[in-house]
Amino acid sequence: MKKLLLAVTCFTAFTAYSQKKPLDHTVYDGWQSVAERIISNDGKYVAYTVNPQEGDGELVIQAANGGYKLTIPRGYNVSLSEDSRFAICRIKPFYKDTRNARIKKSRPDDMPKDSLAIVELGKTNIVKIARVRSYKTPDKGGSNWMAYLMDKAVPEQGRPGGRPEMDSLTRLNNMLAMADSLAHVADSIRNKANDARNKGMAVLQQGRGAGGGRPQGGGAPAAGGRGGAAPSAAAEPGGEEGTELILRNLVTGEQRSFKLVSEYYFSKNGNVLLYETTKKTGDSTVLPSVVRMDLTNNTSATIFRKFNDAKGYTMDENASQIAFIAERDSSSKAVQKFYKLFYYKEGTPEAVLLADASTKGVKSKWTIAETGGGGGGFRGGGDGGGSMGFSKSGQRLFFATTPIVTPKDTSLPEFDRVNVDVWHYNDDYVQPVQLKNLESDLRRSYIARFDMNNKEVVQLGTPKFRSVMQTKEGDGNVFYATTDSGRRVASQWQGFTVSDIYAINPENGKADLIRKEFKGSGLSASYSGNFLVFFDEIKKSYFCYNAATKQVYPIATDIKVSLVDEENDVPDDPNSYGIVRWMENDKYVLIYDRYDIWQVDPLGKEKSVALTNGRKDKLQYRYVNVDREERFIEAGKKILLKIYDEKDKGGGLAIYDPATKNIQVLFKEKVAVGAIQKAKDADVYTFTKETYVKSPDVYVMQNAAPAVQLSHINPQQETYNWGTAELFKWKAYTGKETEGVLYKPEDFDPKKKYPMIVYFYERNNNTLNNYQAPAPTPSRLNIPFFVSRGYIVFVPDIWYKTGYPGQGAYDYIVSGTRAVVKQGYVDSTKIGLQGQSWGGYQIVYLITKTNLYAAAWAGAPVANMTSAYGGIRWGTGLLRTFQYEKTQSRIGATLWEKPNLYIQNSALFSLPKVTTPLVIMANDADDAVPWYQGIEMYSGLRRLGKKVWMLNYNNEAHNLVERKNRKDIQIREQQFFDYLLKGDKPAKWISEGVPAVMKGRDLGLGY
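The notes below deal with the structure included here. All figures in this text were calculated on a predicted structure; none of them were measured in a lab.

## Re the sheet that holds strand E33 (residues 579–582)
To summarise the sheet geometry, strands pair through backbone hydrogen bonds and adopt either a parallel or an antiparallel arrangement.
Here's step 1: In spatial order, the strands read E33-E34-E35-E36; together these four strands make up an open sheet with antiparallel pairing. Of all the strands in the sheet, the pair left with one neighbour each is E33 and strand E36 (609–610).
Here's step 2: With two bridges connecting them, strand E35 (residues 597–600) and E36 associate as antiparallel partners. Considered in E36, the bridge of tryptophan 598 is made with alanine 610.

## Some thoughts on the sheet that holds strand E4 (residues 69–73)
Here's step 1: One open sheet holds the four strands; their spatial order is E1-E2-E3-E4, and the pairing between them is antiparallel. Looking at strand neighbours, the two that pair on one side only are strand E1 (32–39) and E4, the edges of this open sheet. Recorded for the sheet is a direction-independent mean angle of 20 degrees between the axes of neighbouring strands.
Here's step 2: As paired strands, strand E2 (residues 45–52) and strand E3 (residues 58–63) are joined by six bridges and run antiparallel to one another. Following the sheet pairing, valine 50 is matched in E3 by glutamate 58.

## Quick notes on the packing of helix H8 (residues 805–821) against helix H9 (residues 838–846)
Here's step 1: Between H8 and H9, whose axes approach to 9 Å, the crossing angle comes to 80 degrees. Classified by the angle their axes make, H8 and H9 are roughly perpendicular. Residues Pro805, Gly806, Gln807, Ala809, Tyr810, Ile813 and Val814 of H8 touch H9, and the partners they reach there are Trp838, Tyr841, Gln842, Tyr845 and Leu846.
Here's step 2: Residues that form the contact of H8 with H9 fall into these classes: nine nonpolar, three polar and no charged.

## Considering the side chain of glutamine 883
Here's step 1: By the element assignment, glutamine 883 lies in helix H11 (residues 881–885).
Here's step 2: Looking at glutamine 883, its side chain comes within polar contact range of the side chain of arginine 873, at 2.9 Å.
Here's step 3: Once residues lying within four places of it in the same chain are set aside, the contact partners of glutamine 883 are Arg873, Gln888, Ser889 and Arg890.

## Some points on the pattern of salt bridges
Here's step 1: Applying the stated criterion to the full structure yields 66 salt bridges.
Here's step 2: Here lysine 516 and aspartate 500 are joined by a salt bridge, their closest N and O atoms 3.8 Å apart. With lysine 516 in strand E28 (residues 511–518) and aspartate 500 in strand E27 (residues 499–504), the pair connects residues that are 16 residues apart, well separated along the chain.
Here's step 3: Residue glutamate 669 is joined to lysine 689 by a salt bridge in which the shortest nitrogen-to-oxygen separation is 3.1 Å. Here glutamate 669 is found in strand E40 (residues 662–669), whereas its partner lysine 689 is found in strand E42 (residues 684–691), with 20 residues between them in sequence.
Here's step 4: Within this structure, Glu566, Glu567, Asp593, Arg594, Arg615 and Glu646 form a network of salt bridges that share partners.

## Some remarks on the pairing of E42
Here's step 1: With eight of eight residues buried, E42 is to be regarded as a mostly interior element.
Here's step 2: Of the two faces of E42, the one carrying Val684, Thr686, Thr688 and Glu690 and the one carrying Tyr685, Phe687, Lys689 and Thr691 are both buried.
Here's step 3: Bridge analysis of strand E41 (residues 672–678) against E42 gives five bridges, and the strand direction is antiparallel. Bridge pairing in E42 places glycine 674 opposite threonine 688.
Here's step 4: What sits between the antiparallel neighbours E41 and E42 is a turn of five residues.
Here's step 5: Bridge analysis of E42 against strand E43 (residues 694–702) gives seven bridges, and the strand direction is antiparallel. Bridge pairing links threonine 691 to lysine 694 in E43.
Here's step 6: Linking E42 to E43, which pair antiparallel, is a turn of two residues.

Conventions we followed
Residues numbered from 1 in each chain as written. Predicted model: local features only at pLDDT ≥ 70, side-chain atom pairs only at ≥ 80, totals over all residues. Heavy atoms only, no water. Pairing = 2+ DSSP bridges. Helix = DSSP H or I, 4+ residues; strand = E, 2+ residues; numbered from the N terminus. Axes fitted to C-alpha atoms, helices over the stretch in contact; angles between N-to-C directions. Parallel < 35°, antiparallel > 145°, perpendicular 65-115°, else oblique. Contact = heavy atoms within 4.5 Å. Nonpolar A, V, L, I, M, F, W, Y, C, P; charged D, E, K, R; others polar. Polar contact = N/O pair within 3.5 Å; in protein donor to acceptor, adjacent residues only side chain to side chain. Salt bridge = Lys/Arg side-chain N within 4 Å of Asp/Glu carboxyl O. Buried < 20%, exposed > 50% of the residue type's maximum accessible area, 1.4 Å probe, protein only.

Structure follows, in structure tokens:
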């Protein structure tokens, strides 16, 4: 009887496995992932979105204790109120409706629009508002207010075009108004033509140039509201008309409405609402304005009016000061506009002019910038990095200035203009870089401070100091900057520039040199600015600048373990592991090594202390910042740490307690951990856990209790033959013990012989516990798809030696392949290769050195290093030389110093040895590898009579962007490998090709 039960059990298990389906290409669209994640401040609620790859997703709101769950179909852009009482989100239209509208090429106004949803947490009633463009809530404070901006109203029905019927008198008045308007236009054109005849064509260009545009809302006031705020669709006043803004009290339901609004912002604490209105079409009496509404006493004041464009709104911490830039003088179609800085203080009648191009301190031929602050280097103390910003105390106001760019001369007809790029040997950047950055360079601006006492501008940033590091949230006594001016040419072959480091006095802009010709990383100023720590890559040491003594000295010299990348194998100085954070009052700076966190005295007097002890167990501890407003770590505050185990690639969370100097491990498992968050006011954490066989789901952990799983995505996976992932170790031809990841089908039978695909890039062992959803990938191997369909997939780690990258690939990939074959379950005659970019290069090199592989698929490969060396990375415009001399390609010398290495590492010169059938993907808009590299490989193999195919996805980038193309390449990859590794019938594109006359008619995917 027992034997019978055992037999039945085994048969049932076998049947369960045999009934599981292999993945196919129809599964992609419905495969889910968790996107947005947020936890309430009190830790009682968690919200997250679950989205398919294509189609309608959903927003899920759950109680941390599991007692409440609410699903909002198509919900996204969720915010939870500061008091943890409400959830607000936007709701997308149905995917099919949007898709159909795109197919019909509907106008933007006719496209399906978002709705807004408001939910009181713990309850099921959902308040929905249709056609909402954006919404915002205050970042902090006890305010119960939120605001949302409506989209354009649906046109009234009843007559063609949806416009309301007008009476006869209204139509007559409109006709007369139009006639008057046309008469004014005709007079204006006639007068301008007479001026041109008498004074010359140049008068037609007066008041024109580059610039303008509508407000983008990027310069929000001090933390000007959070939430699902889409980029503003409102144009500048005189352009698109504003829409209705609704101010709503979440608790009482009270609402207030404001018409013609284009921009709106809450102050950081929610006590003030600032909004901008536009003109009204057809009513010249309605003028644009800026209104400040005090929500504490329900009073409003119009602080600015009669302007063409205003933007960059910013408020100080308590919203008593407001600054912005505006333009009042240009016509709406002017190509050059000059902005001015305006300022409002609570209690004054209206905003006043602070600065323009004529203000003392503004450089000659400079003006107030339309956008601001050094391309990311400018950080306003109030808004955390927008166009404008007050310091934390509100005593300093920062904005940006910019050189005036001479407008183009448009008097010459287009067909007579010469278009030529001049490449000069002394250019900082080659022309492709300049052209790529042209728009940003034309808009480049530099941080300045307005001195309220002396009514003048203090310039801090300059073309020399493009980016300035503020301290003490704008209130520090010293700021810092670096400059590589005059040394940028070398970046084309070095991949880096050396810089000079300066201390800048924010009161007068004076700059003092700290370190000359610095090559390194990790510049980190203490909160107050009293110290600046940086890592010198040449000396492999940290240094500290003391602003009080103006001395530079080494620190952390007593740390005996390496503070630089211990695994560096590129021909350049290794990077440091980086700086963690500064401690309160600039007492200590925390620094990483490979495994641990060190507490270091910036004065260099106290002994450095390891706060963690991961090295002995090969555990990496990394700090997790769960407070977006944190500027330093408070003394005595517990520190959340993420754990990564180099041995089993597992992860976990831990807490370091400075009081006891102990580490409390919350959990550590053979999983990958991500998306870590903590409730602001409670010891409640959310995070995701995943393995190769388990999707990244959302978990919540209260205090140190066991984590509770909230989401359960992709239940359909249970019906498919999935797979397993294991760490595989072998000794490479170099003698080094090496790791890789080996994937096997779920129904793996060690007695069978399987085809195998070897996929690689550089080192991927840390992906052992990563979930990989079946998806049409941009270019890499769709691992779960092939594993599900009966393939073994092997991903070996590769280590390189300078000058011999190709040999490194051979030593590790081939040795690893043969080590797997020795296990006995791989058919050694049915092994394929797949890789993209650097992986593609290694593939085309390998097939010139071995006939071990029966099929190869190389995406964007470099076939000829001698020609690729002088190529362009069109995505950035950079020359490719630095890759070979200093970084990934690892030659470590110029083409003229060691031409033999360039030839030796290039597949092109050994193509007669190739026997492996090869597919190349080389796209004509590749922005990283010149697509002629694929052509060289294809033409060489074709000339030699080898089996080679090349796919060129028209106008596609280095990695496929269009989902339709991603789906297409997945089908072709399967057909190719199934043909050569499984013996299936070849598809038409493989056996016959697809002639150009059949392009768009037959994809060649049939048989």
